[in-house]
Amino acid sequence: MVQQIRHFIGGEWVNSASGETFESINPATEEVIAIAPKGDVSDIDKAVEAAKKAYTQWRLIPAPRRGEILYEVARILQERKEDLARLMTQEMGKILAETRGDVQEAIDMAYYMGGEGRRMQGYTAPVEMPNKFGMAIRDSVGVVGLITPWNFPVAVPSWKMLPALVAGNCVVWKPSEDTPAISAAFVQVFADAGLPAGVLNLVTGAGEAGAALAVHPNVRVISFTGSTATGLSVYTKAAAVGKKVTLEMGGKNAIIVMDDANLSLAVDAINWSAFGTTGQRCTATSRLIVQKGIKPKLLEALAEKAKMIKVGYGIQPDVQMGPLVNMKALNKVASYMDVAKTDGARVLVGGGRADMDKGFFFLPTILDGVKQGMRVEQEEIFGPVLSVIEVESLEEAIHVNNSTAYGLSSSIFTENVNAAFRAIRDLTTGIVYINHGTTGAEIQFPFGGTRGTGNGMREAGASALDSFTEWKSVYVDFSGQLQRAQIDNRE
Ligand code: ADP
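Values in this document were obtained by computation on a predicted structure and should not be read as measured data.

Q: Give me the lowdown on the pattern of salt bridges, citing residues and values where you can.
A: Per the stated rule, a full pass over the model turns up 23 salt bridges. Ionic pairing is found between arginine 138 and aspartate 466, a salt bridge with its closest N-O pair at 3.0 Å. On the criterion of sequence distance, the pair formed by arginine 138 in strand β7 (residues 132-140) and aspartate 466 in the loop between β21 (450-451) and β22 (469-477) is long-range, its members being 328 residues apart. Measuring nitrogen to oxygen at the nearest pair gives 3.3 Å for the salt bridge that ties arginine 346 to aspartate 368.

Q: So what's going on with unusual backbone geometry? Residues and values would help.
A: Phi angles above zero are rare outside glycine, and asparagine 131 is one such case at about 55°. Structurally, the position occupied by asparagine 131 is in the loop between β6 (123-124) and β7.

Q: How would you summarise the site of the ligand if you had to cite specific residues and measurements?
A: In the vicinity of the ligand lie 17 residues, with Thr148, Lys174, Glu177, Ser227 and Thr230 positioned nearest. Between glutamate 177 and the ligand, the recorded distance is 2.6 Å, taken from a side-chain N or O atom to an oxygen atom. In the complex, the protein chains occlude 78% of the 550 Å² of accessible area that the ligand would expose alone. If you list the elements that add at least two residues to the shell around the ligand, you get α6 (207-214), β11 (221-225) and α7 (228-240).

Q: Hey, could you go over the sheet that holds β22 for me, with residue numbers and the actual values?
A: Taken in spatial order, the three strands make up an open sheet running β6-β7-β22, and their pairing is antiparallel. Every interior strand has two partners, whereas the edge strands, β6 and β22, have only one. Here β7 pairs with β22 via nine bridges, running antiparallel. Looking at the pairing, aspartate 139 lines up with glutamate 470 of β22.

Q: Talk me through the packing of aromatic side chains; I want residue IDs and the actual numbers.
A: Counted by the stated rule, this structure contains seven aromatic pairs. Of the aromatic side chains, those joined through ring pairs into one cluster are Trp173, Phe186 and Phe190.

Q: So what's going on with the pairing of β11? Residues and values would help.
A: The buried fraction of β11 amounts to five of the five residues, a majority that puts the element mostly inside the structure. Alternating residues of β11 divide into Val221, Ser223 and Thr225 and Ile222 and Phe224, and every residue in both groups is buried. One ladder, built from four bridges, connects strand β8 (residues 143-147) with β11; its direction is parallel. Among the inter-strand pairings, leucine 146 is bridged to a residue of β11, identified as serine 223.

Q: Can you lay out the domain arrangement of the protein chain for me, pointing to particular residues and giving the numbers?
A: Each domain of the protein chain was delimited in the assignment, giving domain 1 (3-249 + 454-474) and domain 2 (253-434). For domain 1 versus domain 2, the separation of C-alpha centres amounts to 31 Å. With 22 residues of domain 1 at the contact, the number on the domain 2 side is 25 residues. Of the roughly 2100 Å² buried at the junction of domain 1 and domain 2 (both faces included), carbon and sulfur atoms supply 62%. Taken together, the links from domain 1 to domain 2 amount to zero salt bridges.

Calculation rules
Residues numbered from 1 in each chain as written. Predicted model: local features only at pLDDT ≥ 70, side-chain atom pairs only at ≥ 80, totals over all residues. Heavy atoms only, no water. Salt bridge = Lys/Arg side-chain N within 4 Å of Asp/Glu carboxyl O. Helix = DSSP H or I, 4+ residues; strand = E, 2+ residues; numbered from the N terminus. Near = heavy atom within 4 Å. Polar contact = N/O pair within 3.5 Å; in protein donor to acceptor, adjacent residues only side chain to side chain. Areas by Shrake-Rupley, 256 points an atom, 1.4 Å probe, with all protein chains shown as cover. Pairing = 2+ DSSP bridges. Phe/Tyr/Trp six-rings, centres within 6.5 Å; stacked < 30°, edge-to-face > 60°. Buried < 20%, exposed > 50% of the residue type's maximum accessible area, 1.4 Å probe, protein only. Domains from an automatic or database assignment. Contact = heavy atoms within 4.5 Å. Buried area = accessible area lost by both parts, 1.4 Å probe.

Take a look at the structure:
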């Protein structure tokens with residue numbers, strides 16, 4: 001059955017102003033699963049207007065009450081977890097165990113940010129004059145625009161939406177054109193949890209709608225997750241009109257395996273981090289930096305495991321790896337096989353499309369003989385492709401890890417505590433794992449990367465509210481008389 005999706009604006013499910021639509025395709029079966037409105041600038045205008053109107057009331061609702069709505073969001077998500085997971089698998093392809101995890105992240109975040117309703121911590125500090133009081137409080141910013149990708153269609157928006165809402169902002173959300181159905185189902189949860197009309201608005205569509213949101217004069221903050229090219233374009237345009245922008249873009253994450261590593265632990269972690277979500281996580285492992293001594297044994301075990309992975313439709317319980325999200329992604333990943341061979345790398349496992357009647361399936365792939373600086377070692381492929389780089393020492397491993405344009409996640413497998421702590425100190429990524437793959441971030445810690453991965457902001461954790469609040473410094477003089485500090489030349 002093909003679902004009919006609509007925008008959600010001012011508490012109503014509505015068609016696009018233009019009447020234009022687009023199809024959402026199941027990447028495993030190539031069937032159309034939903035038809036959604038193709039939003040453009042006029043739909044974005046309406047959504048921002050609705051958000052702006054709702055903001056006048058929403059900002060005045062006490063934060064603990066706003067938090068209680070988020071608890072209700074968490075409860076409903078829990079209730080609908082299985083249905084949401086199945087819809088997500090149908091729409092973007094990752095296997096059920098992973099789509100359940102995706103919904104679970106939103107549940108965790110809803111509880112975490114619901115609790116923020118009773119914290120929202122600012123601080124007081126002593127002030128210079130008698131009978132005067134000073135405090136810094138977090139203030140909402142107004143209407144925030146969220147632009148998100150398809151690979152974590154519930155989790156990633158939840159990292160943005162939930163802190164934005166609990167802080168008292170109203171939201172216009174433009175999800176990926178590959179996941180309109182799961183986005184609408186997610187928004188329905190907020191409506192059913194009692195979020196007032198206009199506080200959260202959904203406009204489905206492609207880049208045109210995202211671009212309109214990024215420059216809308218009534219949107220104060222843009223939070224973006226997606227490709228580097230699009231992120232930088234959004235950043236440039238939004239910054240040019242004075243907006244605050246949070247960016248989470250590419251990754252080229254590596255696992256380092258030292259000679260003294262626990263082999264079976266490393267093999268499991270690499271297998272999961274490289275091929276989980278078909279390699280389409282921003283934290284996926286796309287490079288294996290391995291010390292010379294352990295390399296033969298490690299590659300043998302990895303190759304054996306990669307060949308055993310059952311590729312197929314993720315809704316079937318025995319399938320371990322789903323398809324790529326669409327034909328464009330499949331063509332991109334396939335094109336890197338020629339790039340690898342031209343540059344002198346060798347396909348150890350996989351290297352081509354999986355043999356299926358339908359769907360955008362690519363085999364788990366391991367490339368051996370990759371050297372630091374080759375294109376497959378530097379560029380984000382976003383598929384189930386692992387490049388293996390041999391190194392002599394810890395210093396060389398860390399140098400290779402740090403020598404890419406991105407800096408999201410990294411990992412080292414070693415039983416040597418000194419090597420582990422050197423790695424913690426010297427790996428220049430936003431997330432570092434010891435004896436664990438590069439994926440699996442938890443929402444109570446900051447998420448984001450250095451260098452080309454972002455622009456210095458972090459999502460989740462103690463920094464979750466930073467993108468969506470401004471500091472307001474308040475001075476209360478209760479002396480009843482004119483007081484001046486001795487050197488009164490402050491701003
Ligand atoms: P992906 O390769 O993950 O689809 P994109 O960066 O193209 O990455 O997409 C991420 C999000 O950015 C999607 O919601 C997409 O529709 C949106 N988008 C694409 N182009 C633009 C643009 N020019 N301006 C704003 N948003 C855009």
